[in-house]
Amino acid sequence: MIVEAIVPAAGLGVRMNSSIPKPLVKIGKKPVIVYTLEALAKNRDIKRILVAVNEDNLSRFKKVIGRYKIGKSLVFVSGGSTRGDSVENCLKQVSGETDFVLIHDAVRPFISQALISRLIRDVKESQAVICGAPVKATIKKVTRQLIVAQTLDRENIWEIQTPQVFAKALLTEAYKRYGSRAGTDDASLVEKMGQKVKVIEGSYFNIKITTPEDLVLARAILKEGYV
Ligand code: C5P
């Protein structure tokens, strides 16, 4: 069984207000993306990691990541203008022999080995497996004028994370049919095909570093030794 990992890292980091691309910001001793790549590289089923980066930042990414020993074959791919475009560019580079594709955002550095292994184990049976965590907050839909339109029943609402793992043929077909801009994650394209997508419980520590507040949280998680 061959798995390749796709790591979208080509975002411009507009919400971070920083001149350094988010994946290259340091938390503790290493840049965010290095934690992510090291975690993926440790899994024995993952043969190669395709990293989507913005062309303007390519040499910067290569230089920074090159300082660390990731221990797995890394390929840099040109990112696109949306996350989906970046994933699609990587999908086109996946080897013909690959059975499954694991997609994981560069900016979620705290993934455990147990989670990666479980996703890869389950995808053999389910073809599409994602992770997430039940929401803790009350979720309301609000209008543009900031008036409550609806309170959702929290019982069945999960915040979905990455990694998301798919049979390569299934994900390729979903991107072909619906295009790279049809959803905010990869699973949503597969769902449109009528394919069942299995959800397993991830971790509240698997945070996505998007805004400056998230960096504070990430540093605290690291300092407290939760990863
Ligand atoms: O922008 P968003 O929060 O969805 O970003 C999630 C991940 O997708 C980040 O790791 C970011 O670098 C990546 N991304 C990308 N190409 C884009 C936009 C985002 O690879 N055009």
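What you see is a predicted model; the values in this text were computed from it and never measured. (Residues numbered from 1 in each chain as written. Predicted model: local features only at pLDDT ≥ 70, side-chain atom pairs only at ≥ 80, totals over all residues. Heavy atoms only, no water.)

S.K.: Lay out the overall build of the protein chain in plain terms, naming residues and giving numbers.
M.R.: Within the protein chain, the regular secondary structure consists of 7 helices and 11 strands. The globule rule puts the C-alpha radius of gyration for 227 residues at 17 Å, and the 17 Å found for the protein chain is close to it. A principal-axis box enclosing the C-alpha atoms of the protein chain has dimensions of 50 × 40 × 35 Å. Taken over 227 residues, the protein chain has a buried fraction of 46%. Within the protein chain, contacts between residues separated by at least 24 positions form 75% of all contacts whose residues are at least 6 apart in sequence. In the form shown here, the protein chain has an accessible surface area of approximately 12,100 Å², with 50% of it arising from carbon and sulfur atoms. (Helix = DSSP H or I, 4+ residues; strand = E, 2+ residues; numbered from the N terminus. Rg over C-alpha atoms; globule rule 2.2 N^0.38 Å. Buried < 20%, exposed > 50% of the residue type's maximum accessible area, 1.4 Å probe, protein only. Contact = heavy atoms within 4.5 Å. Areas by Shrake-Rupley, 256 points an atom, 1.4 Å probe, with all protein chains shown as cover.)

S.K.: Tell me about the packing of aromatic side chains, residues and numbers included.
M.R.: With the rule as written, the count across this model stands at 1 aromatic pair. A ring pair is formed by F205 and Y226, whose centres lie 4.6 Å apart and whose planes are at 25 degrees; its orientation type is stacked. Taken together, the positions of F205 in the loop between β11 (198-201) and α7 (212-223) and Y226 in the segment after α7 put the pair 21 residues apart, joining distant regions of the chain. In this arrangement the basic side chain of K30 is found over the ring face of Y35, its NZ or CZ atom lying 5.0 Å from the centre. Cation over ring: K136 sits above Y204, and NZ or CZ is 4.0 Å from the ring centre. (Phe/Tyr/Trp six-rings, centres within 6.5 Å; stacked < 30°, edge-to-face > 60°. Lys NZ or Arg CZ within 6 Å of the ring centre and 35° of its normal.)

S.K.: Before we move on, can you summarise the site of the ligand with the specific residues and values?
M.R.: Around the ligand lies a shell of 14 residues, among which P8, A10, G11, S86 and K208 are the nearest. A distance of 2.7 Å separates an oxygen atom of the ligand from a polar atom in the backbone of P8. At 2.7 Å, a side-chain N or O of S86 approaches a nitrogen atom of the ligand. If the ligand stood free it would expose 450 Å²; the protein chains cover 87% of that surface. Here the shell around the ligand is built from residues that sort into 5 nonpolar, 5 polar and 4 charged. (Near = heavy atom within 4 Å. Polar contact = N/O pair within 3.5 Å; in protein donor to acceptor, adjacent residues only side chain to side chain. Nonpolar A, V, L, I, M, F, W, Y, C, P; charged D, E, K, R; others polar.)

S.K.: Account for the pattern of salt bridges, with residues named and values stated.
M.R.: Proximity of charged atoms lets side chains of opposite charge pair with each other. Per the stated rule, a full pass over the model turns up 10 salt bridges. E173 serves as the salt-bridge partner of K176, at 4.0 Å between the closest nitrogen and oxygen. Separated by 3 residues within a single helix, K176 and E173 lie in helix α5 (residues 168-178), roughly one turn from each other. Taking the relative accessible area as the measure of exposure, K176 reaches 69% and is therefore exposed. Between E173 and R177 there is a salt bridge whose closest N-O contact spans 3.1 Å. Placement of the pair is E173 and R177 together in helix α5, with a separation of 4 residues, close to one helical turn. Accessibility expressed as a relative area gives 26% for E173, which makes it partly exposed. Through salt bridges that share partners, R118, R121, D122 and K198 make up one connected network. (Salt bridge = Lys/Arg side-chain N within 4 Å of Asp/Glu carboxyl O.)

S.K.: Now, about the environment of E97: what can you tell me, with residues and values included?
M.R.: Topologically, E97 is positioned in the loop between α3 (83-91) and β6 (100-103). Residues E97 and M1, spaced 96 residues apart in sequence, show a C-alpha to C-alpha distance of 9.1 Å. When sequence neighbours within four positions are dropped, the list of residues in contact with E97 reads I2 and K168.

S.K.: Kindly report on a positive patch on the surface, identifying the contributing residues and their values.
M.R.: On the surface, K26, R60, K63 and R67 cluster together into a patch of positive charge. Mapped onto the elements of the fold, K26 is located in strand β2 (residues 26-27). (Patch = residues over 30% accessible without salt bridge, like charges linked within 9 Å, V, L, I, M, F, W, Y side chains within 5 Å. Lys, Arg positive; Asp, Glu negative; His and termini not counted. Charge placed at Lys NZ, Arg CZ, Asp CG, Glu CD.)

S.K.: I'd like to hear about the pairing of strand β1 (residues 3-8), residue by residue, with values.
M.R.: Counting buried positions along β1 yields 6 of 6 residues, so the element is predominantly enclosed. Every second residue of β1 is oriented toward a common face, with V3, A5 and V7 on one face and E4, I6 and P8 on the other, all of them buried. In this structure, β1 lies alongside strand β4 (residues 46-53), joined through 6 bridges in parallel fashion. Looking across to β4, one finds that V3 is bridged to I46. (Pairing = 2+ DSSP bridges.)

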